[in-house]
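Chain and residue survey
What follows is each chain in one-letter form.
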Amino acid sequence: MQDSLIISKFAAPDTREEAFNALLAKYQQKIYWHVRRMVINHDDADDVVQDIFVKVWRNLEKFREDSQLYTWLYRIATNECITFLNKKKNRLSISIDDEDSSFLAETLTSSSYFDGDKAELKLQKAILTLPEKQRLVFNMRYFEEIKYDDMSAILGTSVGALKASYHLAVKKIEKFFETTD
Amino acid sequence: MKEQNTNKFPFGKNKSNDELRRNPFIVPNGYFDNLPNQIRSEISLREKHSVEQNSFSVPDGYFDQLTQDIKTQITVKDLKEKISEDGFTVPKNYFDTLRNHTLDKIHAKPKKTIYLKKWVSYASVACLLIAMSVGGGYFWKSQSEQEFSNTESLSKIPDDEIINYLAQSVEEEDVLYLSQYFGVDHSDHDHSPGIGCHAREEDLEDYINYSL
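Below or above, wherever it landed, is the structure these notes cover.

Conventions used here
Every residue gets a number counted from 1 within its own chain, in the order that chain's sequence is written. All chains are assigned letters beginning with A, and all ligands numbers beginning with 1, in the order in which they are written. Residues qualify for local features only when their pLDDT is at least 70, as the model is predicted, and side-chain atom pairs are given and counted only at 80 or more; totals for whole chains, interfaces and linings, by contrast, use all residues. Computation of side-chain values: all heavy atoms of the structure, hydrogens and water removed. By the criteria applied, helices consist of DSSP H or I runs no shorter than four residues and strands consist of E runs no shorter than two, each listed in order from the N terminus. Contact between two residues is taken to exist if any of their heavy atoms lie within 4.5 Å; hydrogens are not considered. Simply put, the buried area is the total loss of 1.4 Å probe accessible area from both parts when two parts are fitted together. By convention in these notes, a salt bridge is any Lys or Arg side-chain nitrogen within 4 Å of a carboxyl oxygen on Asp or Glu. Between N or O atoms, a polar contact is any pair within 3.5 Å; within protein, one atom must be a potential hydrogen donor and the other a potential acceptor, and residues adjacent in sequence are included only when both atoms are from side chains. The residue classification treats Ala, Val, Leu, Ile, Met, Phe, Trp, Tyr, Cys and Pro as nonpolar and Asp, Glu, Lys and Arg as charged. All others, Gly included, are polar. To pair, rings of Phe, Tyr and Trp, with the six-membered ring standing in for Trp, must have centres within 6.5 Å; the planes then decide the type, stacked if under 30 degrees apart, edge-to-face if over 60, and tilted in the middle. Using a 1.4 Å probe on the protein chains alone, a residue whose accessible area is under 20% of its type maximum counts as buried, one over 50% counts as exposed, and one in between counts as partly exposed. Definition of nonpolar core: a set of buried residues of the types Ala, Val, Leu, Ile, Met, Phe, Trp, Tyr and Cys, connected through side-chain atoms within 4.5 Å.

Brief notes about the overall build of chain A
Counting its regular elements, chain A contains 9 helices and 0 strands. Contacts in chain A between residues far apart in sequence, at least 24 positions, make up 59% of those at least 6 positions apart.

Focus on the interface of chain A and chain B
If you look at the interface, chain A gives 46 residues, while chain B gives 33 residues. The contact between chain A and chain B buries some 4000 Å² in all, and 61% of this surface belongs to carbon and sulfur atoms. A per-residue breakdown of the area chain A buries against chain B is headed by Q50, N90 and Y142 of chain A, which together make up 16% of the total. Here chain A and chain B share 4 salt bridges between them. Across the pair D51 of chain A and K105 of chain B runs a salt bridge whose closest N-O atoms are separated by 2.9 Å. If you look at where chain A meets chain B, you find 16 residue pairs in polar contact (both at pLDDT 80 or more). A breakdown of the residues in the side of chain A that touches chain B according to their chemical character gives 23 nonpolar, 10 polar and 13 charged.

Here we look at the packing of aromatic side chains
Residue and element names in this part refer to chain B. Applying the stated criterion to the full structure yields 17 aromatic pairs over all chains. Consider the rings of Y31 and F32, whose centres lie 4.9 Å apart with planes at 75°: the pair is edge-to-face. By relative accessible area, Y31 is classed as partly exposed at 31%. For F32, a relative accessible area of 56% puts it in the exposed group.

A word on the nonpolar core
All names here are of chain A. F20, V35, L69 and F138 are the most contacted members of the largest nonpolar core, which has 72 residues in total. Ranked by residue count, the leading element in this core is helix 2 (residues 16-39), at 12 residues. Setting aside residues up to four positions removed in sequence, V35 forms contacts with I40, A45, V48, V49, I52, A77 and C81.

Re the environment of E120 of chain A
Mapped onto the elements, E120 of chain A comes out in helix 6 (residues 118-127). Residue E120 of chain A is classed as buried on the basis of its relative accessible area, which comes to 14%. When neighbours within four sequence positions are excluded, E120 of chain A is seen to be in contact with F114 of chain A together with I83, E85, D86 and G87 of chain B.

Focus: the side chain of T102 of chain B
Position of T102 of chain B among the secondary structure elements: in helix 4 (residues 94-107). Residue T102 of chain B is classed as buried on the basis of its relative accessible area of 0%. Other than its neighbours up to four places away in sequence, T102 of chain B contacts L24, Q50 and F53 of chain A.

And the structure:
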């Protein structure tokens, strides 16, 4: 179902449920993987994704069609991830200004839903050494292959800054691979 | 002036001077009739091409960015050849159940929302207030910092104002988070010693700094 049709059907009470089902079918996996790569743990991702779609249900009527539904969903998802990670840092007594995400490394290795090989594990560990924003940009570009223009709409950052951020992230990951066994 | 016969060479001995002077080259039929039009067309085309060449431009700093982008692409291409997946998995049939769980959560009846919002909010606000008053020397570092001067002590602000501010700012999920965070079981409200009563002052301060 086209996004515009989802939005118009959602506006009508008798087709609201149908529209929301279509939205879930279309976007839930994309949003899940976007969240999962940020929060790492499956159960955390599950909670965050459900919260995201509850928010979507409550706010879709107010969605302004001058932005894409897809970028709007990703913006909500990204904000929810950041909020979740801040709360997790808080619980673990880690400063919110601490940009490194290495506190998630243990979650990665102890997770029952990670079956990556040695190289995949190493890449994830390298990604976790990046500051949060660079980690977001790297994941969105490397794994999700989101266009810079769309990323700019989602993250509210210029395309030039996103490219620079991705470049830095790639350089750091390259260095991590060179210096770590 | 008419050209003089200057033929001094030994070839063409049997030919007359007029025969030797004849142009041996030929052109296609009608060539000179079409030539002016062809020249005009060529001029027109070259002028247009020149205009088009000048109309292209690139964003400022494009070529610096391009070098960086190419280097990034090369590194990423090499990396993707070795590692293209992230290694994460989900439980079997997870995405089928996710939809149902999400819909259940949406349609679930709110549980004692008003009760929690009013009763627990005010209880936690009161505990926060007591903890902060006892501390006395702690500074207000959250969003309200913009509204209050750094030197103004919290104790000088009327309690009612603080209670009103927190009651308006604290959301239900913050209260739930607060109660979980401070490890207090709020299921038994009648016998509970009160939310936040076991909380350490640093925890309260962190909560104010990062969550409100």
